[in-house]
Amino acid sequence: MNVVFAVKQYISKMIEDSGPGMKVLLMDKETTGIVSMVYTQSEILQKEVYLFERIDSQNREIMKHLKAICFLRPTKENVDYLIQELRRPKYSIYFIYFSNVISKSDVKSLAEADEQEVVAEVQEFYGDYIAVNPHLFSLNILGCCQGRNWDPAQLSRTTQGLTALLLSLKKCPMIRYQLSSEAARRLGECVKQVISKEYELFEFRRTEVPPLLLILDRCDDAITPLLNQWTYQAMVHELLGINNNRIDLSRVPGISKDLREVVLSAENDEFYANNMYLNFAEIGSNIKNLMEDFQKRKPKEQQKLESIADMKAFVENYPQFKKMSGTVSKHVTVVGELSRLVSERNLLEVSEVEQELACQNDHSSALQNVKRLLQNPKVTELDAARLVTLYALHYERHSSNSLPGLLVDLRSKGVSEKYRKLVSAVVEYGGKRVRGSDLFSPKDAVAITKQFLKGLKGVENVYTQHQPFLHETLDHLIKGKLKENLYPYLGPSTLRDRPQDIIVFVIGGATYEEALTVYNLNRTTPGVRIVLGGTTIHNTKSFLEEVLASGLHSRSRESSQATLRSASRR
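From a predicted model like this one, the values you see are computed outputs, not experimental measurements.

Asks: Let's hear about the sheet that holds strand β10 (residues 174-177): which residues, and what values?
Replies: In spatial order, the strands read β6-β7-β17-β15-β11-β10; together these six strands make up an open sheet with mixed pairing. The sheet is open, and its two borders are formed by β6 (130-133) and β10, each paired with just one other strand. Averaged over all neighbouring strand pairs, the angle between strand axes comes to 25°, with direction disregarded. Across four bridges, β10 lies against strand β11 (residues 212-217) in parallel orientation.

Have a look at this one:
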């Protein structure tokens, strides 16, 4: 189950099916992103695709010597653009591929518009999602719910994305969902309806153990997206932001023009592929090794070119040298900027306290540490609000809860009202009342023993103690211990055997820390294959935007006033 490979195969097949000759690839805004995640422009150029155009671009030239490969989402808007295109075709022949199921009436409209008979074929290729890593996908939807319920347009898009994923991986799954989330049940039902309606598409060869789709809700674990990260991919997203593999470095002091935007893709960057899940400390030493390796190769390239053979060797090695040079300068810049931000924002200290808030139960120590950091001028308003939010989630019902005092400290520090309001909004979004799970205190004897032993042993790395709640959920699922009263099946049938192919989808967005958990489980659990997806991939900023978009903050004012009243009574 490899989502990058699945989308890549679709695009290769489109290009192959159109036969030899010069081609143009016509896309829309979303499919442009889908293609760019799995193929570089230079890779596609090698397949005789010389032009990339948007279907909504008004001033495209007529080029009858080109074949058009159209890869589009089956939206009404795109169908209308195609109808206009076919009435006045700009290219010699059209191969049309929709990224999802297209209605018969739309196909009929296209056929009627094709008076000049330029359409060679119309097909459905189900690459209707963003393939981020082999085991991670996203739909790039920020703000999918209004309150606790779906925004109807986003429910429709999510259903399409999830059913396309199942079709591209050739899976017809049983569905389980998080009982505490109405949105999870609703999405499960929508996916089930599509599977029933399009049953012919979902007739895959039966496996001994049916695949499983597990639908979860972000509000069950609001802690994970609030934490600073220390593995390469997650850290880059947290501190710099990754958007379809692109990183904007334009704000980096003294950045050179060609490094203002860089691409980090494990598909064609060996250093990134080997280091994306490693800790920051290891990356520092690996960057040093990369630099040394580069320096060793450098003098050879600058030797005198005395013979034809020397010149030939230089020309043959130059592209590799140039590629390596680009890789070195890119990663040195990125790691240098991460390093600058860590010291500028005092993130080692901030992260240590975050981990204490997420993983330990010592209230007075946690409160003291948060108060101390709020006095530190290096701590930014985002990090200050993040610490107070983590405190608010963990000690929400603690008898000595000191949230009102911390909110006053935030105001004294000059933290904007937007961030102060977000503290209570996040508690409203993912607090104890909402969660179907207990995030903070271990429930059974085994878990309590584990935590006790961990305390005795000391932590290997104080900055990475936290494990997402998803780890426990998947561990129970793999062992056949995930409680049906908390995660029921949709429909009458249940799974007798332990699942082997698992697709997990998080409404409200997944995180790179959870992707790392899935990567490690795939590596260490033979016979189990897990793919993780989310409406988006969050860092702290985008998660706080998600909470704002849900509109829960307006309701949370009453509850925060109630908290203040009860605090003053104590």
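Asks: Tell me about helix α8 (residues 232-239), and name the residues and values.
Replies: Counting buried positions over the eight residues of α8 gives eight, a clear majority of the element. For α8, the complete set of buried residues consists of Tyr232, Gln233, Ala234, Met235, Val236, His237, Glu238 and Leu239. Backbone geometry just after α8 places Gly241 at a positive phi near 90°.

Asks: Can you explain the packing of helix α14 (residues 381-394) against helix α16 (residues 417-430)? Please cite residues and give values.
Replies: Their axes nearest at 9 Å, the elements α14 and α16 cross at an angle of 35°. Of the two possible hands of crossing, α14 and α16 adopt the one that is right-handed. In this structure, α14 uses Glu381, Leu382, Ala385, Val388, Thr389, Ala392 and Leu393 to contact α16, whose residues at the interface are Tyr419, Val423, Val426, Val427 and Gly430. Looking at the contact of α14 with α16 residue by residue, the classes come out as nine nonpolar, two polar and one charged.

Asks: Account for the packing of helix α13 (residues 363-374) against α14, with residues named and values stated.
Replies: Between α13 and α14, the least distance of the axes is 10 Å, while the angle of their chain directions is 165°. It follows that α13 is roughly antiparallel to α14 by the angle criterion. Judged by the sense of rotation from one axis to the other, the crossing of α13 with α14 is left-handed. Judged by residue contacts, His363, Leu367, Val370, Leu373 and Leu374 of α13 engage Ala384, Leu387, Val388 and Tyr391 from α14. Across the contact of α13 with α14, the residue classes break down as eight nonpolar, one polar and no charged.

Thresholds applied
Residues numbered from 1 in each chain as written. Predicted model: local features only at pLDDT ≥ 70, side-chain atom pairs only at ≥ 80, totals over all residues. Heavy atoms only, no water. Pairing = 2+ DSSP bridges. Helix = DSSP H or I, 4+ residues; strand = E, 2+ residues; numbered from the N terminus. Axes fitted to C-alpha atoms, helices over the stretch in contact; angles between N-to-C directions. Buried < 20%, exposed > 50% of the residue type's maximum accessible area, 1.4 Å probe, protein only. Left-handed = near helix turned anticlockwise from the far one by under 90°. Contact = heavy atoms within 4.5 Å. Nonpolar A, V, L, I, M, F, W, Y, C, P; charged D, E, K, R; others polar. Parallel < 35°, antiparallel > 145°, perpendicular 65-115°, else oblique.

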